[in-house]
Amino acid sequence: MRRLFVAGNWKMNTTMASAQALASEVAAEVARSQPNVDVAVCPPFPYLIPVGISLANSPVMLGGQNAHYEKPGAFTGETSLEMLVDVGCRLVVIGHSERRQFFGETDELVNKKIHAAWQRGLDVIFCIGEVLQDREANRTESVLSTQLQGGLAGVEPAQLGKLVIAYEPVWAIGTGLTASPEQAEATHLFVRNWLATRFDRASADAMRIQYGGSVKADNAKELLSQPNVDGALVGGASLKSDQFLGIIRAAAELSAG
Ligand code: PEP
């Protein structure tokens, strides 16, 4: 069984005080319960350092929500991957649908960021997902294929150990609508088979594919119990420690068998 991975994407939320409090609560409970799952939180950039302090000596990983692919230099307003590494990030989220939708990120840009993140030693959570019109028009698989093809251009099988894919149907992000466990499983299976064709079966079988889209404590277990769902990328519910810890608990229970 692949080790389940629950990551919280805090988006443009929290204050410094609430970010530290949330991180401390998550770290304390993870230290107490020692779940057999990977856990990460991705706070807004200004709070990476204080959250990193709150997570000190914790297995909870720190991640960035985005970064520029260029080396440090004259890119006003941007944050480099070197900076993420410098403040203790182990991973970075790339290609989130909000970056694609509101900031014009293309598959080509996403691809540059993925390669650049690996060059700096970061793991990558690479987000893909279809909008509602695509799902309704039966275009989910072709949209995901295009995103995977573009985002993973030039990627070698040996690099896949540093990659997690997050399947996030855009219509389910922050809407309260969730893909049914069957929809999630069918789509994750499609993604895994796509990876097997593009790379090889063993690499595809080893890769973790998270589901994201209105995951909460009370729907986590049925989603995470699907054979090809290897964790969750959690937005709204990761801002409430009881919800986020409930999702981690569901994952831990499934991991315990
Ligand atoms: C996300 O932003 O990655 C996400 C899945 O958000 P939510 O859980 O709020 O739908």
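Scroll up for the structure.
Notes on the site of the ligand
At step 1: Contacts to the ligand come from 14 residues, most closely from K11, E168, G174, S214 and G236.
At step 2: With respect to the ligand, the side chain of N9 contributes an N or O atom lying 3.3 Å from an oxygen atom.
At step 3: In isolation the ligand offers 290 Å² of accessible surface; the protein chains occlude 96% of this area.

Regarding the pattern of salt bridges
At step 1: Throughout the structure, instances matching the rule amount to 15 salt bridges.
At step 2: Salt-bridge contacts for R100 lead to D107; the nearest nitrogen and oxygen are separated by 2.7 Å.
At step 3: Take R100: its relative accessible area is 16%, and that puts it in the buried class.
At step 4: Across the pair K221 and E253 runs a salt bridge, and its minimum N-O distance is 2.9 Å. Taken together, the residues K221 in helix α10 (residues 220–224) and E253 in helix α11 (residues 241–256) connect sequence positions 32 residues apart.
At step 5: A single salt-bridge network, built from bridges that share partners, covers R2, R192 and D230.

Quick word on the packing of aromatic side chains
At step 1: In the structure shown here, the tally under the stated rule is one aromatic pair.
At step 2: Its end group placed over the ring of F103, R99 keeps NZ or CZ at 4.2 Å from the ring centre.

Conventions used here
- Residues numbered from 1 in each chain as written.
- Predicted model: local features only at pLDDT ≥ 70, side-chain atom pairs only at ≥ 80, totals over all residues.
- Heavy atoms only, no water.
- Near = heavy atom within 4 Å.
- Polar contact = N/O pair within 3.5 Å; in protein donor to acceptor, adjacent residues only side chain to side chain.
- Areas by Shrake-Rupley, 256 points an atom, 1.4 Å probe, with all protein chains shown as cover.
- Salt bridge = Lys/Arg side-chain N within 4 Å of Asp/Glu carboxyl O.
- Buried < 20%, exposed > 50% of the residue type's maximum accessible area, 1.4 Å probe, protein only.
- Helix = DSSP H or I, 4+ residues; strand = E, 2+ residues; numbered from the N terminus.
- Phe/Tyr/Trp six-rings, centres within 6.5 Å; stacked < 30°, edge-to-face > 60°.
- Lys NZ or Arg CZ within 6 Å of the ring centre and 35° of its normal.

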